[in-house]
Amino acid sequence: MKKISKNIKASSHSKHYLLHRYWGRKAHNVVNEYIKNYTKKNDLVLDPFMGSGVVPIECSKMQRKAIGVDLNPISTFIVNNTINKIDLSLLEKNFDRIFNKNKKKYESFYFSKCNKCKSDAIIENSVWKEKVFYSIKIRCENCGVSIKKADAFDKKLLKKISLIFNKEKNNFYYPKEKILKYVKRSDKTHMDMLFTERALIILGNINKDIQKIVNKKIRDNLKLCFSSMLSSVSRMIPGDEKKVQGRSGWVVSKLWVPKIHTEKNIFITFQTRFNKFCVGKKEAMSLIDDKQVKIYNKSSEKLSFIKSKSIDYIFTDPPYGQSIAYFGLSMFWNSWLRENVKYNKEIIYDPSRNKKYDDYSMRLINVFKEMHRVLKDNKYLSLTFHNRDIRIWEIVISNLQKIGFKLENIVYQEQAVSSGTQGLNRKNTFKGDFVYNFKKQVFINKKKLNGFDSIEHLKNEIKKSIASSKGFITPDKLYEKIIPFIVNNDLYRDKNDKIVDVENILNTNFKYKKIIRNSKIIYGWIL
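Residues numbered from 1 in each chain as written. Predicted model: local features only at pLDDT ≥ 70, side-chain atom pairs only at ≥ 80, totals over all residues. Heavy atoms only, no water.

A.B. asks: Explain the overall build of the protein to me, using residue names and the numbers behind them.
C.D. replies: From N to C terminus, the protein includes 14 helices and 16 strands. Against the globule reference of 24 Å for 527 residues, the protein gives a C-alpha radius of gyration of 26 Å, in line with a compact fold. Expressed as a percentage of its 527 residues, the buried residues of the protein come to 57%. Sequence-distant contacts in the protein: of pairs separated by 6 or more residues, those separated by 24 or more amount to 73%. Separation between the mean location of the 103 positive side-chain charges and that of the 53 negative ones in the protein comes to 2 Å. (Helix = DSSP H or I, 4+ residues; strand = E, 2+ residues; numbered from the N terminus. Rg over C-alpha atoms; globule rule 2.2 N^0.38 Å. Buried < 20%, exposed > 50% of the residue type's maximum accessible area, 1.4 Å probe, protein only. Contact = heavy atoms within 4.5 Å. Lys, Arg positive; Asp, Glu negative; His and termini not counted. Charge placed at Lys NZ, Arg CZ, Asp CG, Glu CD.)

A.B. asks: Got a sec to walk through helix H10 (residues 357–374)? Specific residues and values, please.
C.D. replies: For H10, spanning 18 residues, the distance from its first C-alpha to its last is 26 Å, which sits close to the expected 26 Å at 1.5 Å a residue. Counting buried residues along H10, 13 of its 18 residues qualify, which places the element largely inside the surrounding structure. (Expected span 1.5 Å × (residues − 1).)

A.B. asks: Can you tell me about the side chain of Thr384, naming the residues and giving the values?
C.D. replies: Relative to the helices and strands, Thr384 is located in strand S12 (residues 375–385). For Thr384, a relative accessible area of 3% gives the class buried. Within the structure, the side chain of Thr384 is placed 2.7 Å from the side chain of Asp317, a separation counted as a polar contact. Excluding residues within four positions of it along the chain, Thr384 makes contact with Lys26, Phe315, Thr316, Asp317, Pro318, Tyr320, Asp433, Phe434 and Val435. (Polar contact = N/O pair within 3.5 Å; in protein donor to acceptor, adjacent residues only side chain to side chain.)

A.B. asks: Residues and numbers for the nonpolar core, please.
C.D. replies: If you look at the biggest cluster of nonpolar residues, it comprises 75 residues, and the most contacted ones within it are Leu194, Phe195, Leu203, Trp250, Leu255, Ile266 and Phe332. Of all the elements, helix H9 (residues 326–337) adds the most residues to this core, at 8 residues. Not counting residues up to four positions away in its chain, the partners in contact with Leu194 are Ile179, Lys188, Ser234, Arg235, Met236, Leu255, Trp256, Val257 and Phe332. One finds Tyr349, Leu364, Trp393 and Tyr479 within the second-largest nonpolar core, a separate group that totals 58 residues. (Core = buried A, V, L, I, M, F, W, Y, C linked by side-chain atoms within 4.5 Å.)

A.B. asks: So what's going on with the packing of helix H3 (residues 73–83) against helix H7 (residues 216–229)? Residues and values would help.
C.D. replies: Where H3 contacts H7, the axes come no closer than 10 Å and their chain directions differ by 120°. Here H3 is positioned oblique relative to H7, judged by the angle of their axes. Regarding H3 and H7, the two cross each other, and that crossing is left-handed. Two secondary-structure elements touch here, H3 through Ile74, Phe77, Ile78 and Asn81 and H7 through Lys217, Asp220, Asn221, Lys223, Leu224 and Ser227. The class makeup of the residues in the contact of H3 with H7 is 4 nonpolar, 3 polar and 3 charged. (Axes fitted to C-alpha atoms, helices over the stretch in contact; angles between N-to-C directions. Parallel < 35°, antiparallel > 145°, perpendicular 65-115°, else oblique. Left-handed = near helix turned anticlockwise from the far one by under 90°. Nonpolar A, V, L, I, M, F, W, Y, C, P; charged D, E, K, R; others polar.)

A.B. asks: Lay out the side chain of Ser398 in plain terms, naming residues and giving numbers.
C.D. replies: Locating Ser398 in the fold gives a position in helix H11 (residues 390–403). According to the relative accessible area criterion, Ser398 is buried, its value standing at 5%. In contact with Ser398, not counting residues within four places along its chain, are Trp393 and Tyr492.

A.B. asks: Got a sec to walk through the pattern of salt bridges? Specific residues and values, please.
C.D. replies: Applying the stated rule across the entire model yields 30 salt bridges. Glu301 is paired through a salt bridge with Arg363; the nearest N and O atoms lie 2.8 Å apart. You can see Glu301 sitting in the loop between strand S10 (293–296) and strand S11 (311–316) and its partner Arg363 sitting in helix H10, a full 62 residues away along the chain. Across the pair, Arg363 and Glu301 agree in class, each one buried. Several salt bridges share partner residues, and in doing so they unite Glu301, Lys355, Asp359 and Arg363 into one network. (Salt bridge = Lys/Arg side-chain N within 4 Å of Asp/Glu carboxyl O.)

A.B. asks: Before we move on, can you summarise unusual backbone geometry with the specific residues and values?
C.D. replies: The phi angle of most residues is negative, glycine excepted, and most peptide bonds adopt the trans form. Residues other than glycine seldom take positive phi values, yet Gln63 does so here, at roughly 60°. Along the polypeptide, Gln63 turns up in the loop between helix H2 (54–61) and strand S2 (65–69). With relative accessibility at 43%, the residue Gln63 sits in the partly exposed group.

A.B. asks: Can you lay out the sheet that holds S10 for me, pointing to particular residues and giving the numbers?
C.D. replies: Pairing in this open sheet of 7 strands is mixed, and the strands run S10-S2-S1-S11-S12-S14-S13 from one edge to the other. Since the sheet does not close on itself, it has two edges, and those belong to S10 and strand S13 (405–414), each with one partner. For this sheet the average axis-to-axis angle between neighbouring strands, irrespective of direction, equals 15°. Examined bridge by bridge, S11 and S12 share 5 bridges and lie parallel to one another. Paired with Thr316 across the strands is Leu383, a residue of S12. Running over the sheet, helix H1 (residues 28–38) touches S11, S12, S13 and strand S14 (432–440) and is turned about 155° from S11. (Pairing = 2+ DSSP bridges.)

A.B. asks: An account of the environment of Lys294 is requested, with residue identities and associated values reported.
C.D. replies: Here Lys294 is to be found in strand S10. Of the residues examined, Lys294 reaches a relative accessible area of 52% and is grouped as exposed. On a C-alpha basis, the gap between Lys294 and Asn334 in space is 21 Å, while along the polypeptide they are 40 residues apart. Apart from residues lying up to four places away in sequence, Lys294 is in contact with Ala66, Ile67 and Gly68.

Here it is in structure tokens:
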């Protein structure tokens, strides 16, 4: 078996992977190459932390069988409705009926007056400054698109909508759950506070009509399309008050409302989203063989539905401590879909929910044991990793080795798109993941370095790494070299049994420098 030993250039996501957002989605062509390398046709592949389903979807394209498991309801909902086959004309028929019914009833919620000719105009987008309805972008049949400050007419309309909301809010469902502390950033404490009253009325009634669709596959696909639109029409999008548009999408991994935020026209957004959804769905149905895939909304701590030594390969992206709060962020969608979420079983480090390292470690070890049980002897596990916390490394890598997985090699792999958790510290961040490739064995004899304390060993290895890179090394390249060194030599802790702080070793003993290379600013470490 030939090992993958170098970065694979990541491709942008295909349209069928853009049916719905999900955090931390891996580049499909990279996953494809790993599956192709470690398996053959008709092999059975497992992803116990499936997320948006890249592993089972890519398997189905290559005549591999796949099992995808995830405890997060929105994960399995996304994957099931990406891979299933539907009548697109029937989907469009139901969309048009629901869309037209609600537009006829609520289009007036977006009426304004043109500044130039004083005719009726439609609000396409608007910007709020905290609680003040500030500026709007309108389209007039006579004068086209223009921008104006919200006037007395617009503010009177909001008061009217507020009265309607208070009168009718018990006639439709909208989420009122308390936002989990770990993903709460602004003063907004409950889910409904992430939307305007205008949005809650329209969304609540559209969702109510979707629920009445008899055909389950059509109903669920339209629910997925509805869910995929939600962030765009929420108050979470930072606003540009001059251009009256969003400055970005939902890129911050929190549930929050910026002080200056947008409010988009739901009917324009929903129609645009549905058109793109149909393109992606058509592509998915042409590429994916859903008969090759089995999806389970379960915890991977107990894979009793999978026989021992039946899996030919595992590729997965497990939760890394507190890096991404998948369940917390997903409550934005799960709450609208009214899914039952088992937050107590989530594998995460979140002290606000009393989920500390012991709970995180225990649950992850349970999954690793099950992975070892179901994987065939001498077969491979590829695990992606993106975290700087040495304590998490120790929990993940050390326990895999203790259970019976031998580390074969580590590859630094670029991502297709930077996630919302990256870019926050552009001077000292990873732009990709590490892929750890393990081989299942029964017993592993680990060697440990003698002599110096772990910190001295690390200092010497960092010096060697910088020297071998002509005196300058970027953070990602440095970690690509020192992670295997730490893992293979069990250097997680110092002589006082404290977790090694790599960042402190770097900051204390080495210099961080900015250079210009090929007209680009690059940051890295020097001696």
